[in-house]
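Residue strings, one per chain:
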Amino acid sequence: ERVVLSNEKSVDENMEIVMGTLFPTLILPFFMLIIFLVQMIGGEICEEKTTKSMEIIISNVSPKVHLFSKVLASNFFIIIQAILLVIYSVIGILISTKGQLQLNPNVDTLLTATVSSGFLDKVLNLLPAVIILMILSFVAYSLIAGILASMTTNMEDFSQIQTPIMLVLLAGYYLAIMAGMFDGSTFIRVLSYVPFLSCLIAPSLYIIGQITMIDVIISILILGLTIFLMTKYGLKIYKIGILNYSNEKIWTRFAKAIKSKDV
């Protein structure tokens, strides 16, 4: 027979509630925004190549300007969408079931658990680093989507390049949710440094106390270095692929572009 000595939940129990309900809800919009970003940039470049309008565009601007304009415009749009999501979420939390502007009773319990577990304090400490990590991740995913999309000639090719990107992103999402199950293993800690995965895994591991702020900063630096290398070498691949209408398989064209002396 179980005897309840106290109705108050421990810090660990509160953290389990937060990580099982609130955290997946918080990272889901970020996950969806990256999907929209990849589809937006890749779809636009693929459509321009399919309609042969790319030849007219490249005759007026350089491939470098074309890629950077796509990346900047898409990222500004996604960041604005992220800000709007935050505003709408705050309004939704404050509106009760009666339509009054007050804290929803259903949210009160979760908010109490958030404060008691120390989750809120950790989020506030991590917030500047998370914002930097998110912005860099947006740029990294948009660059890889644009570079790969330059090799496409039709929508079937675009579907092929989307698949590995989505699989990596999906793996990062599930690993972030299940991070507590790894119980501080070296495997999950190493993955928190890996670009394209660190944006989801590193914040999760920091909140549950498996890594420190130094590890998060290392993840940011590695991601920044990855963006630099993609900009330096990926731009050369983009210049080769943007006017390439070969009938070869897309990954064959991509391999040839990497091996090209111009790269």
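Residues numbered from 1 in each chain as written. Predicted model: local features only at pLDDT ≥ 70, side-chain atom pairs only at ≥ 80, totals over all residues. Heavy atoms only, no water.

Draft legend 1. Local environment of the overall build of the protein chain. Within the protein chain, the regular secondary structure consists of ten helices and zero strands. Counting from the amino terminus, the protein chain carries its helices and strands in the arrangement α-α-α-α-α-α-α-α-α-α. Going through the 263 residues of the protein chain one by one, you find that 40% of them count as buried. Within the protein chain, contacts between residues separated by at least 24 positions form 76% of all contacts whose residues are at least 6 apart in sequence. (Helix = DSSP H or I, 4+ residues; strand = E, 2+ residues; numbered from the N terminus. Buried < 20%, exposed > 50% of the residue type's maximum accessible area, 1.4 Å probe, protein only. Contact = heavy atoms within 4.5 Å.)

Draft legend 2. Examining a positive patch on the surface more closely. Side chains of K64, K232, K236 and K239 sit close together on the surface and give a patch of like positive charge. Counting residues per element, the positive patch draws most heavily on helix 9 (residues 213-241), which supplies three residues. Secondary-structure assignment places K232 in helix 9. (Patch = residues over 30% accessible without salt bridge, like charges linked within 9 Å, V, L, I, M, F, W, Y side chains within 5 Å. Areas by Shrake-Rupley, 256 points an atom, 1.4 Å probe, with all protein chains shown as cover. Salt bridge = Lys/Arg side-chain N within 4 Å of Asp/Glu carboxyl O. Lys, Arg positive; Asp, Glu negative; His and termini not counted. Charge placed at Lys NZ, Arg CZ, Asp CG, Glu CD.)

Draft legend 3. Main features of the packing of helix 6 (residues 155-177) against helix 8 (residues 198-207). The geometry of helix 6 relative to helix 8 is characterised by a closest axis approach of 8 Å and an angle of 5° between their N-to-C directions. The orientation of helix 6 with respect to helix 8, classified from their angle, is roughly parallel. Contact residues: L169, G172, Y173, L175 and A176 in helix 6; L200, I201 and S204 in helix 8. Class assignment for the residues of the contact of helix 6 with helix 8 results in six nonpolar, two polar and no charged. (Axes fitted to C-alpha atoms, helices over the stretch in contact; angles between N-to-C directions. Parallel < 35°, antiparallel > 145°, perpendicular 65-115°, else oblique. Nonpolar A, V, L, I, M, F, W, Y, C, P; charged D, E, K, R; others polar.)

Draft legend 4. Quick look at helix 9. A rise of 1.5 Å per residue sets the reference length of helix 9, with its 29 residues, at 42 Å; its end C-alpha atoms lie 40 Å apart and thus fit the reference within 8%. At G234, helix 9 shows its largest kink, close to 35°. (Expected span 1.5 Å × (residues − 1). Bend = angle between axes of the 7 residues up to and from the residue.)

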